[in-house]
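Report on the structure
Here's the letter readout for the chains.
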Amino acid sequence: MGAEERVVARILERFPVLEGRVFIQKQQRVVVDYLVRRDFEKVLDFLAHDAGFTTFHLVIGVDNGDALGFIYVLSNEENVMLLLKEKAPKSKPYISSVCDIFPNALWHERELVDLFGAVVENLPPGPRYPLPDLWPAGNYPMRKEWNPAYLDKKTMTYNPPAAVDPAEGGESK
Amino acid sequence: MNQRITIPIGPQHPSLKEPGCFTITLEGEKVVSAVVGVGYNHRGLEKACEARTYIQDMYLIERVCGICSHTHSTAFCQAVEALAGVEISRRAAYIRVIMAELERLHSHLLWLGVAGHEIGFDTLLMYSWRDREKVLDALALLGGNRVNYGINTIGGVRRDISPSECEQLRSMLDFIEEEDKYFIDLALHESTLAARLGGIGRLSYEDALRLGAVGPVARASGVPTDIRVIEKYAAYDEFPMEVITDEHSDVFGRAVVRVKEIMESIKLIRFALDNLPDGELKVNVPRRIPEGEVLSRTEAPRGEDIHYVRSNGTDKPDRVRVRAASEANWHSVAHMLEGDYLADVPIIIAAIDPCYSCTDRAIVLDHRDTGCQQVLDWEALRRYSVDFYRERGFDAKSIKIPERKIIR
Amino acid sequence: MLAALFHILIFPGLLFLMAYSLFFDFVDRKIYARLQNRTGPRWYQPLADFLKLLGKETIIPDHAAKKIFTFLPIVSMAAIAAAYLYIPLFLPESLYPFDGDLIVVLYLLTIPTVCFFLAGWFSTSVFATIGAVRTLTQLFSYEVPLFMALLAPALLADTWSLSGITAYYSQHPFYLLLNIPAFLVAIIACQGKLDRVPFDLSEAETELASGTFVEYSGRYYAIFRLAIDCELVVVSSLIAAVYLPMHSDSLLLGIVIYVLETLLILFILALIRTIMARIRIEQMVVLCWKYLTPIALLQIIANLLLKGVL
């Protein structure tokens, strides 16, 4: 049994409900499919404290249409990379910070706040990253509906054409 | 002296080559706290990638960073190749390795010079950058450019290495090897260097793991992490690899790791040149990439690069996420700075070999505004630069740089 | 009267000092560059830099004390030029020798350092303030060994005048060898005075931008730079006068000897600058008080004992 199978077996042993949602993508890559926040926190806690996934690499924000996805990449000592996915609806993009477990997640989570508009709870205070301070509020450039062509770089306002629903694109300050 | 002074190092500061802001609170000369501020270079690369085809993205990704451009494009190409389900030829994989190791040579020599400058040792800067020129020439020979070589393409590489180029590479390697022996000797035995680098910027083995340090920073703390060994991407599975680690856990250790890695890279390039297999340079990859997601890792000179690519069946990616090595190392910097002297702040920051553009994943190119269509080949460009300076009263030909005779 | 003015302002006074300091700067940069495998500047580069700086816009920070801010470069330049007059250069005697001119020269040379400190302090920028504090810390560490090292030969010669030192050592040239430890201490300590690597902590480009001078620009900065160059000449001349007092009665031969001596000292200084990294402030304090001061003190004790024997 390879390292990947051991990881899958370990997760399924603890969370039998995840049967069919944990799979080996390829060598050294294990994927846990999108979980809602409550389940995600349980699985992450188990992985970090009991299953030996002590290294945090990055978190990838993705836009899945009506939901936002957050892919946490962890690895263990056997160098198995685990893609742990979390989802949250775009209208209520609440997730909790993992900084208490992995301190190096700080910048990545700030990036989720700025670029995807995720609301990360318990995020340590600090400067925003990576957008400039004069960035128009409510604009999350990595969301699919946000189009860089509508950003007026002189006034730093986002002016979508009338056809686009203003509630979607976000009002300028 | 109990009064605290807060000084901003950056965003514009002579010791930072790129904008970053370090708010340092001092008590006397001691650093009590440091706040890292980056983000000045964010130019929306990931968003730009979503609007372009894979092959256009490849060139965009190559410009994430000027120094480690090849590793970034390798990581991206690997991801797309994995999504498309193609395997590149061994020859292409070997050429990728050669370029990656040449890049490591030039990056580490560059770092050595910067480190020398940060501690006021400009002689080291001049020596190591003089030698780095040789590596840049070799890169220009193979790729056509000193930086951003453009040698990768999705499905293989764009340019072959001819036997005569191999010979030139070998003579360059002999030169760098001799020089690096001198640098290793210097790093290990020069007393002011040891006095300035030893014991500062400490990062223990546990902290390196906890804060997710990567690359030479982690290896200098004794963590044997090297993606070339872990992932065995490109052709690294066939190479005899030795992971250089050091137990000093300070800036001195990082310097030692880097100068020793130069030696290791030279060995790898020699091995690749000796065993360069025959084969096609490029295999065809369909324009439309089937749906899927992949996480691709490479070892840049500065540490681990991670690229995440998600495709949606079209010729444009759905999501590209780039995590460069510097981004992982920022977390360690604030930790390393605390408790050290102000005088050590620049070298500690420099010791992770920071790359702000990498962190912020940059660049939006506007092709429409570039009216200049002049294309110069390498020799013409070199002639142009020589003439440019001669007109201004500086004749580069009058400088006699001895090949091996170096004033020491 | 006219002759005195000529001596003070033109030769071997102010004008000669400035011209020679620019030449000195060139030689320093050239040696430095050649040791680093670079081409180095043309001979007129220091002059070109100076003239260019003169033509640049001068900016005085709002919070700076303007009068002191503009006054300090001139004070430091004047102090250095005054010190130059009391050092025997080409002839066995300086222009206006008197008993105790060695002490006066040493104190005149402290004025520029204090000026640098005040310049940094009154610039009211954080970088400049830290640079200023470092200047003072540096002053307290190198000043004692430097003074002791320079006074030791005078003790042996039983005189406080530079001309007296010259006369004494011309009679007993071999006694110069006794002062070699003091010479080495002086060479190392004067790097601190001159703000050169490894002791260029108050300027420390990579840490403090340019430390004390960060707010200076245009002609005030040009005068400061010139003062620093002149200081290099004056300190080299002083070391040459104290440790290598070989003067000739013929003016021409005297000039040749003077140039050779000072260039030799400059070469040593440039060599140290090339092979060393900048050290930290606390390392400098340790170096000066733990090693240089005891050596200089031993030299003084040895010279006092020797004086009884000889």
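Here's what I pulled together on the structure shown here. Remember, it's a predicted structure, so these values are computed and weren't measured experimentally.

1. Some words on the overall build of chain B
Helices and strands together make up the secondary structure of chain B, namely 15 helices and 8 strands. Here chain B holds 408 residues, and the buried ones make up 52% of them. Put simply, 71% of the contacts in chain B that link residues at least 6 apart link residues at least 24 apart.

2. What to know about the interface of chain A and chain B
Facing 24 residues of chain A, the contacting portion of chain B comprises 25 residues. Counting only elements with at least two residues in the side of chain A that touches chain B, the list comes to strand E3 (55-63), strand E5 (81-89) and helix H3 (106-116) of chain A. No other element matches the 6 residues that E3(A) contributes to the side of chain A that touches chain B. Of the residues assigned to the side of chain A that touches chain B, the class counts are 17 nonpolar, 6 polar and 1 charged.

3. Concerning the interface of chain C and chain B
Contacts between chain C and chain B engage 25 residues on the former and 29 residues on the latter. When residues of the side of chain C that touches chain B are traced back to their parent elements, those giving at least two are helix H6 (126-157), helix H9 (205-208), helix H11 (251-275) and helix H12 (281-309) of chain C. Class assignment of the residues belonging to the side of chain C that touches chain B gives a composition of 13 nonpolar, 6 polar and 6 charged.

4. A few points about the environment of B:Glu206
Tracing the chain through its elements places B:Glu206 in helix H8 (residues 205-210). When the C-alpha positions of B:Glu206 and B:Val223 are compared, they lie 9.1 Å apart, and in sequence the two are 17 residues distant.

5. Focus: the sheet that holds strand E6 (residues 292-300) of chain B
Residues and elements named next belong to chain B. Reading across the sheet, the 3 strands line up as E6-E7-E8 and stay open at both edges, with antiparallel pairing between neighbours. Of all the strands in the sheet, the pair left with one neighbour each is E6 and strand E8 (317-323). On average, adjacent strands in this sheet sit at an angle of 15° to one another, irrespective of strand direction. Sheet analysis places strand E7 (residues 303-311) next to E8, joined by 6 bridges and oriented antiparallel. The partner of Val309 across the bridge, within E8, is Val320. Against the sheet, helix H3 (residues 69-84) makes contact with E6, E7 and E8, and its axis sits at roughly 150° relative to E6, the strand it touches most.

6. Focus on the packing of helix H5 (residues 101-123) of chain C against helix H10 (residues 218-243) of chain C
Residues and elements named next belong to chain C. Between H5 and H10, whose axes approach to 11 Å, the crossing angle comes to 160°. One way to sum up the angle between H5 and H10 is to call them roughly antiparallel. Where H5 crosses over H10, the two elements pack in a sense that is left-handed. Contacts between H5 and H10 involve Val105, Leu109 and Pro112 on the former and, on the latter, Ala227, Glu231, Val234, Val235 and Leu238. For the contact of H5 with H10, the per-class residue count stands at 7 nonpolar, no polar and 1 charged.

What counts, and where the lines are drawn
- Residues numbered from 1 in each chain as written.
- Chains lettered and ligands numbered in written order.
- Predicted model: local features only at pLDDT ≥ 70, side-chain atom pairs only at ≥ 80, totals over all residues.
- Helix = DSSP H or I, 4+ residues; strand = E, 2+ residues; numbered from the N terminus.
- Buried ≥ 20, exposed ≤ 12 C-beta atoms within 10 Å, placed from the backbone.
- Contact = placed C-beta atoms within 7 Å.
- Nonpolar A, V, L, I, M, F, W, Y, C, P; charged D, E, K, R; others polar.
- Pairing = 2+ DSSP bridges.
- Axes fitted to C-alpha atoms, helices over the stretch in contact; angles between N-to-C directions.
- Parallel < 35°, antiparallel > 145°, perpendicular 65-115°, else oblique.
- Left-handed = near helix turned anticlockwise from the far one by under 90°.

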